[in-house]
Amino acid sequence: MRRFGLVGYPVGHSFSKSFFTEKFERLKLKTHVYELFEMEFLNEFPTLWMRHQDLQGVNVTVPHKEKVLKYLDRLDKSAIKVGAANVIKREGSKLIGYNTDYMAFQETLSTWTGGFDGEALVLGTGGSSKAVQAALDELKIPCSLVSRTRKNGDYTYAQLEENDAIIDRFRLIINTTPVGMHPKIDAMPDLPYSKISEHHFLYDLIYNPDETLFLNEGKERGAQVKNGLEMLELQAEKSWEIWNQ
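Residues numbered from 1 in each chain as written. Predicted model: local features only at pLDDT ≥ 70, side-chain atom pairs only at ≥ 80, totals over all residues. Heavy atoms only, no water.

Novice: Looking at this model, I keep getting lost on the packing of aromatic side chains. Mind explaining?
Specialist: For any pair of aromatic rings, the description rests on two quantities: the centre-to-centre distance and the angle between the ring planes. On inspection of all chains with the given rule, the structure shows 18 aromatic pairs. Centroid distance F24 to W240: 5.5 Å. Interplanar angle 50°. Geometry classified as tilted. In this pair, F24 sits in helix α1 (residues 15-26) while W240 sits in helix α9 (residues 229-243), placing the two residues 216 residues apart along the sequence. Assigned by exposure class, F24 and W240 land together as buried. Here the aromatic rings of F45 and W49 are separated by 5.9 Å at their centres, their planes lie at 70°, and the arrangement is edge-to-face. Placement of both F45 and W49 in helix α2 (residues 45-51) is noted, with a separation of 4 residues, approximately one turn of the helix. Of the residues examined, W49 reaches a relative accessible area of 5% and is grouped as buried. One aromatic cluster in this structure is built from F4, F15, F19, F20, F24, Y34, Y207, W240 and W243. (Phe/Tyr/Trp six-rings, centres within 6.5 Å; stacked < 30°, edge-to-face > 60°. Helix = DSSP H or I, 4+ residues; strand = E, 2+ residues; numbered from the N terminus. Buried < 20%, exposed > 50% of the residue type's maximum accessible area, 1.4 Å probe, protein only.)

So, in structure tokens, the structure goes:
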């Protein structure tokens, strides 16, 4: 048996399990299985690998992408660059961390915008945000961060509400937070949406629902919008490549 899975909390509405289960069925890989390993606290992480000796690799989702690094034996350059890991591969007795989020985001953003040349505003400062920042850095797109407190970001949400010129300046706005994700689909980041125009690009890493309120507000004002499904599919394929290297 070759076992794979997803580590995170919560993981009940996982894309990954259905994606890989369908992939294994399509490829007729009857000895492959993908499971959900829900863990609120990462102190359970080492015992997971002891309990499942046939576990080949896992994806890691919120809120563990940064904290999982201390449990790994080695980091690929992608995980070092981002400072977070969303893919782990077992090699013998060693656990190796990778980051396919930033590669997938970079690829989808470039294809979607056709070469964006302005500044980006990144909502959130967690592990997903770090992947986005790494991708923007490679694409030479300057970015600023938005957080609830000034200590964590360049701007607070309150500052965006107080100063409309900030939204005018940043034509690419990327939501890396879980705000608006199923089941709390009636929520959206606190932005002055009246300042969004047809000159803006809004990218939401959330894929469930297909169109968050954040994207809907942008779409109604003429902005180009994109959800996180393509990025998720791409990072999953990259995970599969890593596990089979």
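Novice: How do you make sense of unusual backbone geometry when you look at a structure like this?
Specialist: Phi is mostly negative for residues that are not glycine, and the peptide bonds are mostly trans. Geometrically, the link from Y9 to P10 is a cis peptide bond, its omega value of -5° lying close to zero. Looking at the secondary structure, you find P10 in the loop between β1 (2-8) and α1. The omega angle of the peptide bond from H182 to P183 is 10°, so this bond is cis rather than trans. Turning to its location among the elements, P183 is positioned in the loop between β10 (172-175) and β11 (201-204). The phi angle at K28 is positive, at roughly 55°, despite the residue not being glycine. A relative accessible area of 67% places K28 in the exposed class. One non-glycine residue, K140, lies in the positive phi region at around 60°. Relative to the helices and strands, K140 resides in the loop between α5 (127-138) and β8 (143-147). The class for K140 is exposed, based on a relative accessible area of 70%.

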